[in-house]
Amino acid sequence: MQTRVALVTGGTGAIGRVICQQLVEAGFRVAANCYPGDAEAAAAWVDEEAREGRPIHLEPFDVADFETTAAGVRNIETAIGPIDVLINAAGITRDSRLVKMSPEQWNSVVHTNLDSVFNVTRAVLPGMLERNYGRVVNISSVNGQRGQFGQANYSAAKAGVHGFTMAVARETARKGVTINTVSPGYIESPLIMAVPEPVRESIRESIPAGRFGQPGEIARAVQFLVDDQAGYITGADLSVNGGYHMG
Ligand code: CAA
């Protein structure tokens, strides 16, 4: 297999990090994007990975902004080559009941979780189509599939992500480019630690698997979809949620 180049947005977050590690270990050349405000901590993590024998190119840019995203993608392609694989994993929460939700809470979540998927895919896809090869995986959420109390912003953005996946899958299927969604359930990460403890505990109890998921269990699903051999899977939504939501 030729060496493929992968970009992971939110690549220094809890799930993104493990996706990067698994891709490097599988032989990909990997770029991790992070929010510019997180660049210092992200650089320390990338140094640590390099010491462990996992080289990762770090490219901080705000995926919510169209122009800086286009520039960031150009920098990555100059540094490590044309992007064959894109994992849109950048995401935030700003939970609140709708009646208390501010426009800032709504906008920041929609910009970071949904507009970003347009911004990054729009920058990367033309090259994939030209080269007749590409794998895009969008990280959505079980809460985009079922809705969650306190997450009108997040659930709307994450449901939108899979609508995007299905539409673009139709546009790219004949050109060797697949695009799929992975919908994680509750995964051990800072996002679920932001949920008040009693609410978090009652969610854990309602998960048939009886536990939260691990970031590596999401990375494994991503790995499956970005394989060269996965060319006939497109427009799919792969749930990885311990049975929390089915259908
Ligand atoms: N279902 C039903 N009622 C609920 C509820 C729930 N899940 N959560 C809170 N309530 C009720 C309370 O019982 C209370 O009712 P009363 O007023 O009648 O006593 C009322 O709502 C409290 O409302 P407040 O707005 O004052 O609530 P709050 O400030 O205490 O917290 C919240 C509200 C922040 C939305 C909180 O409920 C919460 O964090 N919920 C969970 C959100 C969640 O699951 N986020 C997922 C984060 S992880 C992630 O997003 C990753 C992923 O992809 C899965």
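Conventions used here
Residues numbered from 1 in each chain as written. Predicted model: local features only at pLDDT ≥ 70, side-chain atom pairs only at ≥ 80, totals over all residues. Heavy atoms only, no water. Axes fitted to C-alpha atoms, helices over the stretch in contact; angles between N-to-C directions. Helix = DSSP H or I, 4+ residues; strand = E, 2+ residues; numbered from the N terminus. Parallel < 35°, antiparallel > 145°, perpendicular 65-115°, else oblique. Left-handed = near helix turned anticlockwise from the far one by under 90°. Contact = heavy atoms within 4.5 Å. Nonpolar A, V, L, I, M, F, W, Y, C, P; charged D, E, K, R; others polar. Buried < 20%, exposed > 50% of the residue type's maximum accessible area, 1.4 Å probe, protein only. Near = heavy atom within 4 Å. Polar contact = N/O pair within 3.5 Å; in protein donor to acceptor, adjacent residues only side chain to side chain. Areas by Shrake-Rupley, 256 points an atom, 1.4 Å probe, with all protein chains shown as cover. Core = buried A, V, L, I, M, F, W, Y, C linked by side-chain atoms within 4.5 Å. Phe/Tyr/Trp six-rings, centres within 6.5 Å; stacked < 30°, edge-to-face > 60°.

K.L.:
I tried to follow the packing of helix α4 (residues 103–131) against helix α6 (residues 152–172) on my own but got confused; where do I start?
P.N.:
For any two helices packed against each other, one specifies the crossing angle of their axes together with the interaxial distance. Remark: α4 packs on α6, axes separated minimally by 8 Å, with the N-to-C direction vectors making an angle of 15 degrees. Classified by the angle between their axes, α4 and α6 sit roughly parallel to one another. Between α4 and α6 lies a crossing whose hand is right-handed. The segment α4 lies against α6, with Q105, W106, V109, V110, N113, L114, V117, F118, T121, L125 and L129 engaging A152, N153, Y154, A156, A157, K158, G160, V161, F164, V168 and T172. Per-class residue counts for the contact of α4 with α6 are 15 nonpolar, 6 polar and 1 charged.

K.L.:
What should I look at first to understand helix α9 (residues 215–225) in this one?
P.N.:
Think of an α-helix as 3.6 residues a turn; residues three or four steps apart then line up on the same face. Of the residues making up α9, those classed as buried are P215, I218, A219, A221, V222, Q223 and L225. Looking at the buried positions of α9, the neighbouring elements they touch are α1 (14–25), β4 (85–88), β5 (134–139), β6 (177–184) and β7 (237–240).

K.L.:
Just to check I follow, could you spell out the site of the ligand for this structure?
P.N.:
The environment of the ligand is made up of 19 residues, and the closest members are R97, S141, Q148, Y154 and Y186. At 3.0 Å from an oxygen atom of the ligand is found a side-chain nitrogen or oxygen belonging to Q151. In the environment of the ligand, an oxygen atom lies 2.7 Å from a nitrogen or oxygen atom belonging to the side chain of Y154. In isolation the ligand has 1,000 Å² of accessible area, and contact with the protein removes 59% of it. Where the shell around the ligand is concerned, the elements lending two or more residues are α7 (190–193) and α8 (197–205). Of the residues contributing to the shell around the ligand, the split by class is 9 nonpolar, 7 polar and 3 charged.

K.L.:
It is not clear to me how the nonpolar core should be interpreted in this structure. Could you clarify?
P.N.:
General note: in soluble globular proteins, nonpolar side chains tend to be found buried as a group. Counting 26 residues, the largest nonpolar core has I19, L23 and I87 as the members making the most contacts within it. The greatest single-element share of this core, amounting to 6 residues, is contributed by α1. Once residues lying within four places of it in the same chain are set aside, the contact partners of I87 are L7, V8, T9, I19, L23, V137, I139, V222 and V226.

K.L.:
Any chance you could explain the packing of aromatic side chains here in plain terms?
P.N.:
Given two aromatic rings, their pairing is described by the distance between the two centres and the angle made by the two planes. Summed over all chains, the structure comprises 3 aromatic pairs. Between the aromatic rings of Y186 and F212, the centroid separation amounts to 6.4 Å while the plane-to-plane angle is 35 degrees, which identifies the pairing as tilted. Within this pair, whereas Y186 is found in the loop between β6 and α7, its partner F212 is found in the loop between α8 and α9, the two being separated by 26 residues in sequence. Among the residues examined, Y186 registers a relative accessible area of 10% and is labelled buried. Ring centres 5.5 Å apart and planes at 85 degrees place the aromatic pair Y186 and Y244 in the edge-to-face group. Of the two residues, Y186 sits in the loop between β6 and α7 while Y244 sits in the segment after β7, which places them 58 residues apart along the sequence.

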